[in-house]
Structure formats: C-alpha cells, structure tokens
Amino acid sequence: MNIQIITHPLVRHKLSLMREADCSTGKFRTLTKELSRLMAYEATRDFEIEPHEIDGWDGSKIQGERIKGKTLTIVPILRAGLGMLDGVLDLIPTAKISVVGLQRDEETLQPVPYFEKLVDNMDLRPALIIDPMLATGGSMVATIDMLKQKGCRNIKALVLVAAPEGVKLVNEAHPDVTIYTAALDSHLNENGYIIPGLGDAGDKIFGTK
Ligand code: URA
C-alpha cells in the first residue's frame, strides 16, 4: 500500500481532539489548519534540493540551497479541502493553488467535475491534493485523473483520516500517488461515513448542518 501514516505526537493529539463530539466549529477549523501544517511538513520531506549561489552578508558568494524545480501546486478539493489550505500555505506561501470541485452523477454515482481551475505548467509541478476525509476514494481518484490529464506526474494526497476502502481504490487506480494521513480508520458505514472518523468534515469546518 502506498500510504504514510503520520504518527507525530502532536498530530495524534490534535486528531483526537477533532474526534470529540462537542468540538466546536472554531476549534475544529483551527485544528484542521494546525494538523495540515504539521502534516505538510512531513509530506514535503522528500522534496529535492539543488545548490544555488547567493550573495552573503559580507559581499562574498555563498553556496546556498533551494528547492529544485517549479513551485508546488496545492489542490484543495471543494469544499472541505479549503479548510486545510491555510495550514499548508503557512509552510509554503509561494505555492500556486489549483481548485477542483466534484459532484456525484445521480445515474452513474461517479464523481463528475463541476469546477476545475488548474494553474499553468502542471506537467512541471509537484501537486499536493488536500481533502480532510478519504472515504470511498472516488473524488480523490477523479482529481488525480484530472491532474494526470494535464501532464502532472508528481502527485501526493494529504488527508486527515482515511478509510481502507478509499486507500484501496486510490492505490489500485494510481499506485504512484502516496497518501499521507494522520489515521487509517476502521471502515465506512452504510452512509459512506468513516468510522470512527470525525463526522462530516465540511459541515464542521464551515459550521453548516
Ligand atoms: N466525508 C466526510 O466529511 N466525512 C466522512 O466520514 C466521509 C466523507
């Protein structure tokens, strides 16, 4: 399985706070941001570095370093993915943002894009898809399909909680895409919610019911 479970104690502590039934909208939103920031740190650990000559404080040339290649694009999946955006941007403020929205086709039950605004040069950029819950995996697979159609070849998925069903679907469709998650939970219930999960992450972030 191409999955990395981030087990940093701060991540585990914050995720557990988010699971509490009485976690308020404000607290849930703040924790989503904090968790996303910590997890983005881990998900970018393998970024390549290249030498880069810089002017030092005393007028001399110094062999500095910088991240190799074109700037990352963060890809929030609407709507809940937006809750993770600021946390990732805290770490990578120069990132470009590509937004994807999907809705379920009532006949085929497949996710169909209703909004797609990707940045340029997708073939040259790494992409980090963000969505708090990897449930069935349908939206994640459709988003990866979309990015690959634009030539994107370096894709990672960052989620807070994953269900085995979603991990299986993504791994089978896109074995090259690593899923970073704070937890791999038990299963999906009959309504498609992750158990034990967090409930509806979008509703909790936006304060809707
Ligand atoms: N989406 C959510 O917000 N929560 C789940 O448990 C599954 C999908």
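Conventions adopted
- Numbering of residues starts from 1 in every chain and runs along the sequence as written.
- Thresholds applied to this predicted model are a pLDDT of at least 70 for local features of residues and 80 or more for the giving and counting of side-chain atom pairs; totals over whole chains, interfaces and linings are not thresholded and use all residues.
- UniProt positions are given in the numbering used here, feature names are shortened, and annotations may be inferred rather than shown by experiment.
- Secondary structure counts use DSSP, requiring at least four H or I residues in a row for a helix and at least two E residues in a row for a strand, with both numbered from the N terminus.
- In this entry, near means the residue's backbone-placed C-beta atom lies within 6 Å of the molecule or strand.
- By the convention adopted, Pro, Cys, Tyr, Trp, Phe, Met, Ile, Leu, Val and Ala count as nonpolar, Lys, Arg, Asp and Glu as charged, and the other residues, Gly among them, as polar.
- Working rule for helices: expected span equals 1.5 Å times residues minus one.
- Exposure in this text rests on C-beta crowding, where 20 or more other C-beta atoms within 10 Å of a residue's own make it buried, 12 or fewer make it exposed, and counts in between make it partly exposed. The C-beta atoms are placed from the backbone.

Looking up the chain in an unreviewed UniProt entry gives the name Uracil phosphoribosyltransferase, with the organism given as Alysiella filiformis DSM 16848. Checking UniProt for the chain, the heading Sequence similarities (unreviewed entry) contains the comment "Belongs to the UPRTase family." According to UniProt, the comment filed for the chain under the heading Function (unreviewed entry) is "Catalyzes the conversion of uracil and 5-phospho-alpha-D-ribose 1-diphosphate (PRPP) to UMP and diphosphate."

What follows concerns unusual backbone geometry. L78 connects to R79 through a cis peptide bond whose omega is -5 degrees. The topology assignment puts R79 in the loop between β4 (73-76) and α3 (82-91). Note that the residue after I195, namely P196, is joined by a cis bond; omega there is 0 degrees. Mapped onto the fold, P196 is located in the loop between β15 (194-195) and α6 (201-206). Positive phi, normally seen in glycine, also occurs at L109, with a value near 65 degrees. Tracing the sequence through the fold places L109 in the loop between β6 (99-104) and β7 (111-117).

Attention shifts here to the site of the ligand. Neighbouring the ligand are A80, M133, A135, G192, Y193, I194, G197, D200, A201 and G202. Residue composition of the shell around the ligand, grouped by class: six nonpolar, three polar and one charged.

With that settled, consider helix α4 (residues 138-149). Helix length check: α4, at twelve residues, gives a terminal C-alpha distance of 17 Å against a target of 16 Å (1.5 Å per residue), a fit within 8%. Those residues of α4 that sit buried are S139, M140, V141, T143, I144 and L147. Phi for G151, located one or two positions after α4, is positive at around 95 degrees.

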